[in-house]
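# Overview (structure and organization)
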Amino acid sequence: MILGSLNLLPALLLALALDAALGDPAWLWQQVRHPVVLAGQAIERLDRSLNRDEAPDLHRRIAGVAALSILLAASFGIGMILHLFLVQFAWGWMIEGVLMATLLAQNSLYHHVEAVGRALATGDLYEAREAVSHIVGRDPESLDRPAVARAAIESLAENFADGVVAPLFWGLLLGLPGMMLYKVANTADSMIGHRTQRHEAFGWAAARFDDLLNYLPARLAGLLIALVSFSSLRHAIAVMLRDAPRHRSPNAGWPEAAMAGALEIALAGPRTYYGGRVGDSHWVNEEGKRELGPTDIRNALALYLRACLLQAALVALLWVLL
């Protein structure tokens, strides 16, 4: 804990509790803009002003580095100003906890994935495709029933790492400024870190930096999932160590492989993205069950809840020990 505040751990526990209980209340964000929305607007402005279509790739890559540097400096600086102001008050840690809760995604992730399982359980494939389109970056119209379930479980595992574990990890190290920096970097990757003609050069820095920030959290997320799989612990770890390095992503494969091994299901495999592009031919836990449905989503959500509880328990234990 670089910031050295004894109130950092209770603030993080409060953030975890608030996010788990309330998520992102729609009524609140109708009145004020969510921090991620503000970050997205800043990224869009920098993209429009610095990413010139006529510029050579080298210039666009340099512009992308500059844009990312501006975003990181601004987010960390604002976070530090807030921290230094709030630390002056005895109750300041509680306000920090509230702010930190907006940077976590436990509740919203659970309900997004649950909506997919609920639609599949009623047999409404159209609704299931619509629900899964909110959490994946591929064409939902190409997904059959097992593929929809598989996509939902993959997104649950991947977003557990970058939406729950990673913000908390950087919060433990750098407090509120670290969480804000991570969230902005992750949002930048999701918006401009794509291998498209417009963003392959400009978004290169955002994509690489996000990979770096998620390197340890992704592996910790996989370990947390494996630990709460209980009797499947050894198999989950074996699958994770074997299949994660073959995944298309340097980080997403770790929680996905742990989830696949724990539930004895097959994930990843070939998929169709928007524009008809087909990719990712490697299966994760290839020998696992492939005909997935709502029951598998419910099992994955139960595993996810246990992993979130274990993470909170570890933070509480650290608080007690310190």
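Here we summarise the structure given alongside this text. Quantities reported herein were computed from a predicted structural model and do not represent experimental measurements. (Residues numbered from 1 in each chain as written. Predicted model: local features only at pLDDT ≥ 70, side-chain atom pairs only at ≥ 80, totals over all residues. Heavy atoms only, no water.)

### What about the packing of aromatic side chains?
Let me state the cut-off plainly: In this analysis, rings of Phe, Tyr and Trp, with Trp reduced to its six-membered ring, are considered paired at centre separations within 6.5 Å, and the interplanar angle assigns stacked below 30 degrees, edge-to-face beyond 60, and tilted for intermediate values. Accessible area is worked out with a 1.4 Å probe on protein chains only. A residue is then buried under 20% of its type maximum, exposed over 50%, and partly exposed in between.
Across all of its chains, the model carries 4 aromatic pairs by this definition. Considering the side-chain rings of Phe-89 and Trp-91, the 4.7 Å spacing of their centres and the 15° angle between planes classify their relative orientation as stacked. Judged by relative accessible area, which is 43%, Trp-91 ranks as partly exposed. Look at Phe-169 and Trp-170: their rings are 5.2 Å apart centre to centre, the planes differ by 90°, and that puts the pair in the edge-to-face class. By relative accessible area, which is 17% here, Phe-169 ends up buried. You can call Trp-170 buried: its relative accessible area is 18%.

### Describing a nonpolar patch on the surface
Keep this limit in mind: Nonpolar side chains (Val, Leu, Ile, Met, Phe, Trp, Tyr) are joined into patches within 5 Å and like charges within 9 Å, using only residues with over 30% relative accessible area and no salt bridge. Working definition of accessibility: Shrake-Rupley area with a 1.4 Å probe, residue cover restricted to the visible protein chains. We define a salt bridge as a side-chain nitrogen of Lys or Arg found within 4 Å of a carboxyl oxygen belonging to Asp or Glu. Runs of H or I in DSSP of at least four residues are treated as helices and runs of E of at least two as strands, each being numbered from the N terminus.
A cluster of nonpolar side chains, namely Ile-78, Leu-82, Phe-85, Phe-89, Trp-91, Met-94, Ile-95 and Leu-99, defines an oily patch on the protein surface of about 680 Å² accessible area. Breaking the nonpolar patch down by element, the ones donating at least two residues are helix H4 (57–86) and helix H5 (92–101). Counting through the fold element by element, Phe-85 comes out in helix H4.

### A word on the environment of Ile-265
Here Ile-265 lies in the loop between helix H11 (253–263) and strand S1 (267–268). A relative accessible area of 0% means that Ile-265 is categorised as buried. Each C-alpha atom, one on Ile-265 and one on Asn-107, is 24 Å from the other, the two residues being 158 residues apart in sequence.

### Comments concerning the pattern of salt bridges
For the structure on display, the rule yields 11 salt bridges. With a closest N to O distance of 2.7 Å, Arg-242 and Asp-243 form a salt bridge. Residue classification places Asp-243 among the buried positions, given a relative accessible area of 2%. The partner of Glu-286 in a salt bridge is Arg-290, with the nearest N and O atoms 3.8 Å apart. Overall, Glu-286 belongs to the partly exposed group, its relative accessible area being 44%. A relative accessible area of 33% places Arg-290 in the partly exposed class. In the salt-bridge network here, residues are joined through shared partners; they are Asp-47, Asp-53, Arg-60 and Arg-198.

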